[in-house]
Amino acid sequence: AFFQFPFGTAFGCLMAAVLLGLALAGIEPWVPNTEEATGSHGCRRRWRGLGTLVAATTLLFLGRVAASELLFVNASGDVVAQETACRLNPRNLPACVTAAWLRARAGGRREARALLVRTLRRSPYYHPAIRLLGEEAVAHGDLEEACLYLWTYDELFRKRSAVHQRLGALCGEAMSASLIGE
């Protein structure tokens, strides 16, 4: 898990596995030795209860992440499945962007835009969401918004993005200068 890409998913799964292991170790049957036999049974019950709670929470988290990944991979063309994957794990950014793209393609511009904006609130520099917002604005004739998003996207790639040439033609020098404050 330390060397798997993306690190966010691998590290989260690794930490969940460690927590689950600790929780399961805490709920193993406890056999007291002679020195610990005088301890209270209530303390052991609390530790077991805490271990069970941590294990259940970890399993719930892992279940949501796994379900999100399964939906994202196995139902890549289904907008409802992608939206569900995004809802189950909001950090599954590719599922959120795919859901927005499918929603926009089906004619749900407002829903797609709202989903992309929520995605960018979680990860402000997620370039596929920025580009999709720009492309969607171009498709609907909102030139000012399109230029803003596409310029931001181009700047993330230090003016070497796939939209760099089109940005100059679409927005012109005057609008590009106003975007950067010159």
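Right, let's walk through the structure included here. Since the model is a prediction, treat every value here as computed from it, not as a measurement.

Reading the values: rules and limits
Residues numbered from 1 in each chain as written. Predicted model: local features only at pLDDT ≥ 70, side-chain atom pairs only at ≥ 80, totals over all residues. Heavy atoms only, no water. Core = buried A, V, L, I, M, F, W, Y, C linked by side-chain atoms within 4.5 Å. Buried < 20%, exposed > 50% of the residue type's maximum accessible area, 1.4 Å probe, protein only. Helix = DSSP H or I, 4+ residues; strand = E, 2+ residues; numbered from the N terminus. Contact = heavy atoms within 4.5 Å. Patch = residues over 30% accessible without salt bridge, like charges linked within 9 Å, V, L, I, M, F, W, Y side chains within 5 Å. Areas by Shrake-Rupley, 256 points an atom, 1.4 Å probe, with all protein chains shown as cover. Salt bridge = Lys/Arg side-chain N within 4 Å of Asp/Glu carboxyl O. Phe/Tyr/Trp six-rings, centres within 6.5 Å; stacked < 30°, edge-to-face > 60°. Axes fitted to C-alpha atoms, helices over the stretch in contact; angles between N-to-C directions. Left-handed = near helix turned anticlockwise from the far one by under 90°. Expected span 1.5 Å × (residues − 1). Disulfide = S-S within 2.5 Å.

A few points about the nonpolar core
Link 1 in the chain: Within the largest apolar cluster, 23 residues are counted, with the highest numbers of intra-cluster contacts made by Val97, Ala100, Leu116, Leu120, Tyr126 and Ala129.
Link 2 in the chain: Broken down by secondary-structure element, the contributors of at least two residues to this core are α4 (93-105), α5 (109-122), α6 (127-139), α7 (143-156) and α8 (164-180).
Link 3 in the chain: What Ala129 contacts, discounting residues up to four positions off in sequence, is Val97, Leu116, Thr119 and Leu120.

A closer look at a nonpolar patch on the surface
Link 1 in the chain: On the surface, a nonpolar cluster with roughly 270 Å² of combined accessible area is contributed by Val18, Leu19 and Leu22.
Link 2 in the chain: Position of Leu19 among the secondary structure elements: in helix α1 (residues 7-26).
Link 3 in the chain: With a relative accessible area of 39%, Leu19 lands in the partly exposed category.

Observations concerning the packing of aromatic side chains
Link 1 in the chain: What the rule picks out here adds up to one aromatic pair.
Link 2 in the chain: Arranged with centres 5.1 Å apart and planes meeting at 55°, the rings of Tyr153 and Phe157 form a pair that is tilted.
Link 3 in the chain: Note on Phe157: relative accessible area 32%, which makes it partly exposed.

Examining the packing of helix α3 (residues 79-88) against α4
Link 1 in the chain: Packing of α3 against α4 brings their axes to within 8 Å, and their N-to-C directions diverge by 145°. Crossing hand, α3 versus α4: left-handed. Residue-level contacts link Val79, Gln82, Glu83, Ala85 and Cys86 of α3 to Ala95, Cys96, Thr98, Ala99, Leu102 and Arg103 of α4.

Let's talk about α7
Link 1 in the chain: The terminal C-alpha atoms of α7 lie 20 Å apart, and with 14 residues this matches the ideal 20 Å at 1.5 Å per residue to within 8%.
Link 2 in the chain: Of all the residues in α7, the buried ones are Glu145, Ala146, Cys147, Tyr149, Leu150, Trp151, Tyr153 and Asp154.
Link 3 in the chain: In the segment just after α7, Arg158 is the residue with positive phi, at about 55°.

Structural notes on the environment of Ala106
Link 1 in the chain: Relative to the helices and strands, Ala106 resides in the loop between α4 and α5.
Link 2 in the chain: Note on Ala106: relative accessible area 65%, which makes it exposed.
Link 3 in the chain: With 27 residues separating them along the chain, Ala106 and Val79 place their C-alpha atoms 9.0 Å apart.

What about α6?
Link 1 in the chain: Its 13 residues give α6 an end-to-end C-alpha distance of 18 Å, which sits within 8% of 18 Å, the value for a rise of 1.5 Å per residue.
Link 2 in the chain: Turning to α6, its buried residues are Ala129, Ile130, Leu132, Leu133, Gly134, Glu136 and Ala137.
Link 3 in the chain: Taken together, the buried residues of α6 touch α4, α5 and α7.
Link 4 in the chain: With its phi angle positive at about 80°, Gly141 sits one or two positions after the end of α6.

Some points on the state of the cysteines
Link 1 in the chain: The tally for this structure, following the rule as stated, stands at two disulfides.
Link 2 in the chain: The side chain of Cys86 participates in a disulfide bridge whose partner is Cys96; the two sulfur atoms lie 2.0 Å from each other. The S-S bond linking Cys86 to Cys96 shows a torsion near 90°; that makes this disulfide right-handed. Taken together, the residues span a long stretch of sequence, with Cys86 in helix α3 and Cys96 in helix α4 at a distance of 10 residues.

So far we have only geometry, and geometry alone does not tell us how the molecule works.
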